[in-house]
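Secondary and tertiary structure notes
Residue strings, one per chain:
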There are 2 protein chains.
Amino acid sequence: MARTGLVLWFEEADWRDKKLLGGKGASLAQMTQIGLPVPPGFIITTEACRKFYSSRKAEMDELERQLRGNPPPAVRDEIIKKIWALIDQCDLPAGLMEDVREHMQELERRTGKKFGAADGIPLLVSVRSGAALSMPGMMDTVLNLGLNDNSVQALAKATNNEWFAYDAYRRFIQMFARIVLALDEKPFNDAFDRKSEQFAREAETTYKDELDAIRKLYPEYTPRLDAQPPKDIAPRLWARSLELIKELVGEYKDLVRKMWGEFPQDPYVQLELAIRAVFRSWMNPRAIFYRIANNITPDMADCTAVNVVTMVFGNMGWDSGTGVYFTRDQSTGEDRPYGEFLPNAQGEDVVAGIRTPLGLDELKKRMPEVYNQLIEAGKKLEQVNKDVMDIEFTVERGKLYFLQNRPAKMTPLARVRSAVEMVKEGLLTKEEALLKVDPEQVRRLLYPTIDPKVKATPIAKGLPASPGAASGQVVFNPDDAVEWAKQGKKVILVRVETKPDDVHGFYAAQGVLTSRGGMTSHAAIVARAIGKPAVVGAEAIKIDYDSKTFTVNGVTVKEGDWVTIDGNSGSVYLGELPTVTPELGGWLDELLKWADEERRLGVRANADVPEDAMMARKFGAEGIGLLRIERMFRKPERLEALRRVILAADDKEREAHMKELADMIKPDFKEMLDIMDGKPVVIRLIDPPLHEFLPSSEELLAQIYDLREQREKAQASGDAAKVKELDQKIAELQGLYNRVKALQEANPMMGHRGVRVGVTYPVIYYYLTRAMAEAAAELIKEGKRPVLEIMVPQVSDVNEIRFVKNNAILPALSDVEKEYGVKLNVKIGTMIETVRAALTASEIAKEVDFFSFGTNDLTQATFSFSRDDVENKFMNQYLEKGILANDPFDTVDVKGVGRLVEIATKEGKEANPKLEVGVCGEHGGDPASINFFHGAGVDYVSASPFRVPVARLAAAQAAVKEKLGIRGAVGE
Amino acid sequence: MARTGLVLWFEEADWRDKKLLGGKGASLAQMTQIGLPVPPGFIITTEACRKFYSSRKAEMDELERQLRGNPPPAVRDEIIKKIWALIDQCDLPAGLMEDVREHMQELERRTGKKFGAADGIPLLVSVRSGAALSMPGMMDTVLNLGLNDNSVQALAKATNNEWFAYDAYRRFIQMFARIVLALDEKPFNDAFDRKSEQFAREAETTYKDELDAIRKLYPEYTPRLDAQPPKDIAPRLWARSLELIKELVGEYKDLVRKMWGEFPQDPYVQLELAIRAVFRSWMNPRAIFYRIANNITPDMADCTAVNVVTMVFGNMGWDSGTGVYFTRDQSTGEDRPYGEFLPNAQGEDVVAGIRTPLGLDELKKRMPEVYNQLIEAGKKLEQVNKDVMDIEFTVERGKLYFLQNRPAKMTPLARVRSAVEMVKEGLLTKEEALLKVDPEQVRRLLYPTIDPKVKATPIAKGLPASPGAASGQVVFNPDDAVEWAKQGKKVILVRVETKPDDVHGFYAAQGVLTSRGGMTSHAAIVARAIGKPAVVGAEAIKIDYDSKTFTVNGVTVKEGDWVTIDGNSGSVYLGELPTVTPELGGWLDELLKWADEERRLGVRANADVPEDAMMARKFGAEGIGLLRIERMFRKPERLEALRRVILAADDKEREAHMKELADMIKPDFKEMLDIMDGKPVVIRLIDPPLHEFLPSSEELLAQIYDLREQREKAQASGDAAKVKELDQKIAELQGLYNRVKALQEANPMMGHRGVRVGVTYPVIYYYLTRAMAEAAAELIKEGKRPVLEIMVPQVSDVNEIRFVKNNAILPALSDVEKEYGVKLNVKIGTMIETVRAALTASEIAKEVDFFSFGTNDLTQATFSFSRDDVENKFMNQYLEKGILANDPFDTVDVKGVGRLVEIATKEGKEANPKLEVGVCGEHGGDPASINFFHGAGVDYVSASPFRVPVARLAAAQAAVKEKLGIRGAVGE
């Protein structure tokens, strides 16, 4: 035997090696080896495919890289042409076809069938692609290979069904022409349609009697050339259709001759061409674009395998059929078999969706034997694969064959329930169960829903683009959304469609409703990204921006009217409907308890207001990792007080105003500490540039000009009192404008903010600390256990920390301790959100009790990307052109930001072994990032409340993976 | 002997150990050991002082740190009190005084004098402080210690001059009271003044005859109690003054008794108190503040030594005296002795400056023996110390004593000349000579000066605050300076004084002139920092901001009039005087040639315009390390073209405008490449955010409002045509405003700029590259050797480089090569100015030929400091409060930015051994930074043209230090 090692029998291949065998090959090998009936066959490995491409690999990689750059269409077509030209220069590995031929001969021996011969039972095979990762619809497959003018007759004889045989031949030629020979399919379809129409015409006229007879028995029957008429009832119609099919075969062969050359009668030529075609399909543009779009890298899947499988036929009669079987309910996770079965049909008929398949109950009734065999196999496959399985099968004349199995796609709920139940059944360990559930899916179980007890009728339906239910007053543009939200109103932003410039409105709104766009429209993507409920493409809604109204089915909704949207169902309701806050419970609760047992990372929440804190506690947060006090300044009287602090003429004045402000916000601190009683609350000292709290200079300028216009008019009309009054107002505004201009910064993100404010105005940090400390002291006196941790933002040098500790924080704490006669035990820490803080962590660590990585700002600083500007102006292009694989604001950038996190964690802990290290940027809620933080030695992450369960699970997965030696998902 | 090791004879101490002995002690030991006559004595080492403080060191360090925080005055006084209290708790090291006593007894034996005794020759000593670094005027010294009621009589006897003895006693008591006992000096001065006035009165009346006799011989004589009348001419006056001095001694002792206690008669008590006082003076506030202000850290000088030196007297008659001697001319460096000598005087008299000292010629005439001895000693000390020396000496009755020597302070010119000549004399090696010259000083030799051939009379004189001469039209406020400069005018900014808000005007102006302020005023500091000529404090100038004029000596200068300022001399002239561009030459040229032989770092220049390039070549630049093309867009027609590119509606329109713009700037590229023919020119692709080239939105808003006001008026007056015209204008401006707003960025520094523009609009980079490439191609065709290197800014990911290379730069180069039929050999490189570029250098290095660190932006990103905002808003406070030791935009921050430079250089070169690594941020011209870059393995630095010689020398020093194993100045 001339074995190359590139061709492996299902019996011999190591089914665990999916990268070598591809997913389909591995599943066929697995099922064969555990004793399930699989049509005999073999696998040509992905290694063979790699060898096929090897001589042109460098050039093709370069072209693929250029394609990733998303070039203009003309350039793209040029590149694709070049790729095709290179593929034509690729050769099958030496000896491969000899090896394949020997396997085919052995297959003939094993099956007792003959490949391409006119006599005996013909051996037909399917030639199926199969990469390590499923790329649905991207790769090519050829069925019924081995049919030619001779073997079609043998097939007719063997099946005793000439119609079936020629139908198969017709299908094969068309498929071969399209896929293997890459010919235009249209002439083939046209020819088929002409013949089929002719047949239908004749059936309704010449063979009307037989047609009526069939219809009596099968009312749904339509005369088409691809459905075999029952020969017993309608022998002439049957014969006529066979005749027409034979003619069609002739026409198809003529078409192939004209477009390419003589249709190959040698089955080995067919086979070689088909193998080449499957290899080629790995580099077809749609496959390349699919891999780009889905971030599939060579280490995940590199080339496709080819599976050569003996054909079995589900369309050999009513004792045949084809189906899919899920070992558990895909939607609920319940442990009951679920599936579909289509009698007398081939797989492609199921996909085509023309006939309605039967349920498994029906299969059980009709073929109890097959049904039992199926269920038993399902259990076995669950045991071997430790997962809920999705199984493809075919029944040929009452005999069951398995064609593929793979883990089932499930709803989040089903995924959680089945994983938990499998542990109880002893099928999975808890660790394995934890790895089964995608943490992102968990979040979907937590969004608010409309109270099911409420009976309400939606006024419109759209697509459920981003989960959660929300109520608010209708506004029609993003600026209004921001303005109304500033006034404390809840709003729903309603737009025909949205664009990047509208994003500030998303943040301000409770939810978003659009009348146009699909699940991947801008509105849908952004809403999901920032976690706002959204209904998109509610086309019944007609929006009129000018009158600020929308109408839907006769109802008119004005700006300011209340609506409720349900991003889980896509429904839109009038008025403010009660929503139900989610509870962890049942299966999820159990799973998360296991997660808590496994994880090493702590999980805290980012929470600024009591509702968030209560939610966070409920979702299992072990504390608040980031409380931003800025939100406390939103109330008008506080904002006014803060403005007085900022605009103070001297230190004395500043101190007086700051004292007043501190008294205003103390109750907020107290409430938050009380809610989290016994658990740490990390409060960040004031962070943003102070001028952010002042009106914008452009706004003021506009006001000044408006007043000047009024003054002009007042003067014209001789109203001296009015002029005087306006002059005074203008002077006041001008003064404010000047001060605002003086405070304005070119790059506020990198300006006078954070600890820099604490250094220049220690009095601000002193009184903020006092307010927190007094809140804690009062709680202690009430017998509570507040755990206050104070965090300094934007530090870039250890001396900044030393300065604000000595000049503000420590004096404030000690003053309060003295005044209240209590001991506070406050930890003092710093954000690590400048690059320099990370690089000088060993110095800073000695001055603090904890670090908390502000990965948002750290990402900005590492890339020199201003998030607002970047997201609006070019991040989409960067992702589309493949310059960045992920938005680094979603998933932590391991090479840059991650490296800094590792350096700072390692060097910080070396310098101060008691140092606690957390992450409070948004990455703290991203599973891939959490996996990285686990590996980097971080102690806890802090995430938004809804992401706390996600983080608990992701942290557990990281720990389990480490324990089991599984490599992580990010950058490893 | 109870030797503690803390007290060392001049004969035995290792004079190379300045840290242990202090500067003064080391110089006394050195002179003693090389055989020069030094009054006998010993050193109490700095180690003794450290032991003195050791028990309170931690507390004192903490308090000193708090002082560095620049607390408010009340807090500061509190801290100082605490420091004094702690000092009082410090004890002299065990055994120290016994050891000192034994040394004093040995000193008595060696000198044959007696310490504090009534008989024999009295031993008097000076007790002098001396730290490792000179801190002029900061530390304390006590003279004539050992005098008491007994020894004063012995002194009278020994000197045969009772007047002299009691005068010395009076001076000693006062000095002891002030320095050692820390008593208020005022009552002592008052007492002296009363007696002295009484003496003067009596002299003019009672002793008029004798006074007249004296005046005949010494016309300058004034009757004061601190000047001994000639006894031979005026015996009664002499006796009367002695009487009064004795009374004064009594009064002084009474004062001490009242304020402190009995004046100590025991000389060992005096000595112990004096030693304590010197130790204490290390921690006196003015010394602490001096160290803070001068960045003196403990590794440079830690505590003071105490020198106990036998007193010699320069005031023992006209054969005595005191003086200083410089071994070469301090101003020119010429090898001729220079110095001053004051006969019959003590050191403090020289300092007081009451009498005019004689030149060395006069000393040579009067005491040729002494003179020869002095010159010989000078040569010897030059040989031992390898430097020009500054020597203090005293002559006591014809005998020469040396009291101190130290390297002389010299002008930059003298420093360079003497170093070069010392090499020729064989005194220094070239390496040593290179280390002698501060690179910063070199720059001062290069500034433009007013052409000396021009005879012009200044209209005013001020302080020469920042070197260089400049002419320009007078403007009176910084905004005007910016506005006029935008129009291409040269301006001189004239202000009464300046404040931080004015700094933008400094950048726009050629130079700055103020009528108020000194060498450390804001205007002076900023002008020096940014290298603009400045004259400050020209008080004769009276500025009237309202009329925009200034008057000086009857001349009135209006806004727009031309003036010339000379920052080298402080002169101000009317009109535009011709200035002379400096040439390297003479001594400096020779030194820099040696530097070129030694240095490993290449030195290029940052130059955007032909004048800069020519200057750079002349100053020895080996190429242009950074050519910013942005300056080429300043011309109005180019700016218009660029605006059309930015505002283009689609790609096609953008391409057309870009092509036009590229043609406009091609000649500029050609000129620069031609000037640098044969040397590399690194041209940076467009870097700033595009909207920087558009008018500001606020400006547009103001214009719109103005037009609206006009429209209002036009409507009121019924001018319909005008209204229509204005409406159209308003609509146009509104359109532009909207587009400007859409492009506006929150943080432009981190926004859509640099390579990000190249990725989103490859056509811009394509045509810029074409323009450079065509310029090079044309030169090649003309037989020139242009060396073009193209640099991509703001890269943060290797894929950005790949993308612009493949989609813009390489296509442009290959298109031009084809069209011109030449081979261009262009290197392509990247700025490393984002943190991520530094951290992923190993990936980026594989795609480029060179790196160039943009340390300005890298510093911004590492600290998250926006330079504009930081410098204006809080950098001063950060430096004052000691949070940062240096402005990191001046000297590279080693811990943060430097670490990134090291990482990127190392990892970049490992990945691509051919990689060339440069620095083109402003740090490329800073000596301390250059020293760091040398160590980090960088290949070249690029500096502004005037800093090229600085960089050449600094680079040589780094190489020499490395060779000789001397540690560098920055962060090591």
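Since this is a predicted model, take the numbers as computed values, not measurements.

In this section: the overall build of chain A. The helix and strand tally for chain A stands at 38 helices and 31 strands. Each principal axis of the C-alpha distribution contributes one length, and for chain A these read about 105 × 75 × 55 Å. Residue burial in chain A is summarised as follows: out of 972 residues, 57% are buried. Sequence separation of at least 24 residues holds for 69% of the intrachain contacts in chain A that already meet a minimum separation of 6. With 131 positive and 146 negative side-chain charges, chain A shows a spacing of 1 Å between the two charge centroids.

Turning our attention to the nonpolar core. Grouped together as the largest cluster of nonpolar side chains are 300 residues, with contacts concentrated most on A:Ile686, A:Leu768, B:Ile686 and B:Leu768. Leaving out residues up to four positions away in the same chain, B:Ile686 has contacts with B:Ile629, B:Glu630, B:Phe633, B:Leu642, B:Phe693, B:Gly754, B:Ile764, B:Tyr765, B:Leu768 and B:Pro793.

Take the relation of the copies chain A and chain B next. Copy one and copy two of the chain differ by a rotation about a common axis and a shift along it. Mapping chain A onto chain B calls for a rotation angle of 180 degrees and an axial translation of 0.0 Å; the resulting RMSD is 0.2 Å. Both copies are brought into coincidence by an operation consistent with a two-fold rotation axis. Closest approach to the rotation axis among the C-alpha atoms of chain A is made by A:Asn747, whose C-alpha sits 2.1 Å away. Looking at the interface residues of chain A, 100% of them are also at the interface in chain B, so both copies use one shared face.

All names here are of chain A. Between its terminal C-alpha atoms helix H8 (residues 186–204) stretches 27 Å, which fits the 27 Å expected from 19 residues at 1.5 Å a residue. Buried within H8 we find Phe188, Ala191, Phe192, Lys195, Ser196, Phe199, Glu202 and Ala203. Take H8 and look down its axis: the buried residues cluster within an arc of 125 degrees, on one side only. H8 presents Lys186, Arg194 and Arg201 as exposed residues on the side facing more than 90 degrees away from its buried surface. Among the structural elements, helix H7 (162–180), helix H9 (208–217) and helix H10 (235–259) are those in contact with the buried residues of H8.

It is worth spelling out a nonpolar patch on the surface at this point. Residues and elements named next belong to chain A. Where nonpolar side chains cluster on the molecular surface, the patch consists of Leu217, Tyr218 and Trp318 and spans about 360 Å² of accessible area. Positionally, Trp318 belongs in the loop between strand S5 (304–310) and strand S6 (321–326). By relative accessible area, which is 56% here, Trp318 ends up exposed.

Now for the state of the cysteines. Applying the stated criterion across every chain yields a total of 0 disulfides over all chains. With no disulfide of its own, A:Cys49 lies closest to A:Cys303 among cysteine sulfurs, the gap being 3.4 Å. Look at A:Cys49 and you get buried, because its relative accessible area is 0%. The closest cysteine sulfur to the non-disulfide-bonded B:Cys90 is located on B:Cys49, 9.2 Å from its own sulfur. With a relative accessible area of 0%, B:Cys90 lands in the buried category.

Here the domain parsing of chain A yields domain 1 (1–145 + 266–311), domain 2 (149–265), domain 3 (313–401), domain 4 (411–442), domain 5 (447–580) and domain 6 (697–744). Using only C-alpha atoms to locate each centre, domain 3 of chain A and domain 6 of chain A end up separated by 79 Å.

Our focus in this paragraph is unusual backbone geometry. Most peptide bonds take the trans form, and the phi angle of most residues other than glycine is negative. One non-glycine residue with positive phi stands out, namely A:Ser864, at about 55 degrees. Tracing the chain through its elements places A:Ser864 in the loop between helix H33 (855–863) and helix H34 (867–873). With a phi close to 45 degrees, B:Arg397 is a non-glycine residue in the positive phi region. Positionally, B:Arg397 belongs in the loop between strand S9 (389–396) and strand S10 (399–407).

Moving on to the interface of chain A and chain B. Between chain A and chain B, the residue contacts involve 69 residues of the former and 69 residues of the latter. Of the roughly 6,100 Å² buried between chain A and chain B on both sides combined, carbon and sulfur atoms contribute 53%. Per-residue buried area on chain A facing chain B is highest for A:Glu698, A:Met750 and A:Arg836; these three make up 12% of the total on that side. The tally of links from chain A across to chain B stands at 12 salt bridges.

Time to look at the side chain of A:Thr855. Residues and elements named next belong to chain A. Checked against the element boundaries, Thr855 lands in helix H33. A polar contact is formed between the side chain of Thr855 and the side chain of His923, at a distance of 2.8 Å. Contacts of Thr855, omitting those with residues within four sequence positions, involve Val919, Gly921, Glu922, His923 and Phe933.

You can see A:Phe199 is positioned in helix H8. Between the C-alpha atom of A:Phe199 and that of A:Leu237, which follows or precedes it by 38 residues, the distance is 8.8 Å.

Residue and element names in this part refer to chain B. Structurally, Gly41 can be placed in strand S2 (residues 41–44). Exposure remark for Gly41: the relative accessible area of 2% places this residue in the buried category. Residues Gly41 and Glu106, 65 residues apart in the sequence, show an inter-C-alpha distance of 9.9 Å. When residues no more than four places from it in sequence are discounted, the contact partners of Gly41 are Trp9, Phe10, Leu107, Val308 and Val309.

Now for the pairing of strand S21 (residues 562–566) of chain B. Residues and elements named next belong to chain B. Judged by how many residues are buried, S21 sits mostly within the fold: 4 of 5 residues are covered. Here 5 bridges tie strand S14 (residues 469–475) to S21, and the two strands are oriented antiparallel to one another. Among the inter-strand pairings, Gln473 is bridged to a residue of S21, identified as Trp562. Bridge count for S21 against strand S22 (residues 571–574) is 4 bridges, and the pairing is antiparallel. Each residue of the ladder has a partner; that of Asp566, found in S22, is Ser571. Where S21 hands over to S22, the hairpin turn is made up of 4 residues, of which Gly570 adopts a positive phi near 90 degrees.

Now for the packing of helix H2 (residues 46–54) of chain A against helix H11 (residues 267–281) of chain A. Residue and element names in this part refer to chain A. In the contact formed by H2 and H11, the axes pass within 10 Å of each other and the chain directions differ by 80 degrees. For the element pair H2 / H11, the angle class is roughly perpendicular. Where H2 approaches H11, its residues Ala48, Cys49, Phe52 and Tyr53 are matched on the opposing element by Arg276, Phe279 and Arg280. Taken together, the residues that form the contact of H2 with H11 break down as 5 nonpolar, no polar and 2 charged.

This brings us to the sheet that holds strand S18 (residues 542–544) of chain B. All names here are of chain B. An order of S18-S19-S20 is seen for the 3 strands of this open sheet, with the pairing classed as antiparallel. The sheet terminates laterally at S18 and strand S20 (555–558), the two strands that pair on one side only. The mean angle between the axes of side-by-side strands here comes to 20 degrees, regardless of whether they run parallel or antiparallel.

The subject of this paragraph is the pattern of salt bridges. Tallied over the entire structure, the rule returns 185 salt bridges over all chains. We note a salt bridge from A:Glu12 to A:Arg3, for which the minimum N-O separation is 2.8 Å. A:Glu12 gets classed as partly exposed once you look at its relative accessible area, which sits at 40%. Take A:Arg3: its relative accessible area is 34%, and that puts it in the partly exposed class. Taking the shortest distance from any N to any O, the salt bridge between B:Asp596 and B:Arg599 comes out at 2.9 Å. Residue B:Asp596 is classed as partly exposed on the basis of its relative accessible area, which comes to 29%.

The rules behind the values
- Residues numbered from 1 in each chain as written.
- Chains lettered and ligands numbered in written order.
- Predicted model: local features only at pLDDT ≥ 70, side-chain atom pairs only at ≥ 80, totals over all residues.
- Heavy atoms only, no water.
- Helix = DSSP H or I, 4+ residues; strand = E, 2+ residues; numbered from the N terminus.
- Buried < 20%, exposed > 50% of the residue type's maximum accessible area, 1.4 Å probe, protein only.
- Contact = heavy atoms within 4.5 Å.
- Lys, Arg positive; Asp, Glu negative; His and termini not counted.
- Charge placed at Lys NZ, Arg CZ, Asp CG, Glu CD.
- Core = buried A, V, L, I, M, F, W, Y, C linked by side-chain atoms within 4.5 Å.
- Least-squares fit on C-alpha atoms with pLDDT ≥ 70 in both.
- Expected span 1.5 Å × (residues − 1).
- Arc of directions from axis to C-beta.
- Patch = residues over 30% accessible without salt bridge, like charges linked within 9 Å, V, L, I, M, F, W, Y side chains within 5 Å.
- Areas by Shrake-Rupley, 256 points an atom, 1.4 Å probe, with all protein chains shown as cover.
- Salt bridge = Lys/Arg side-chain N within 4 Å of Asp/Glu carboxyl O.
- Disulfide = S-S within 2.5 Å.
- Domains from an automatic or database assignment.
- Buried area = accessible area lost by both parts, 1.4 Å probe.
- Polar contact = N/O pair within 3.5 Å; in protein donor to acceptor, adjacent residues only side chain to side chain.
- Pairing = 2+ DSSP bridges.
- Axes fitted to C-alpha atoms, helices over the stretch in contact; angles between N-to-C directions.
- Parallel < 35°, antiparallel > 145°, perpendicular 65-115°, else oblique.
- Nonpolar A, V, L, I, M, F, W, Y, C, P; charged D, E, K, R; others polar.

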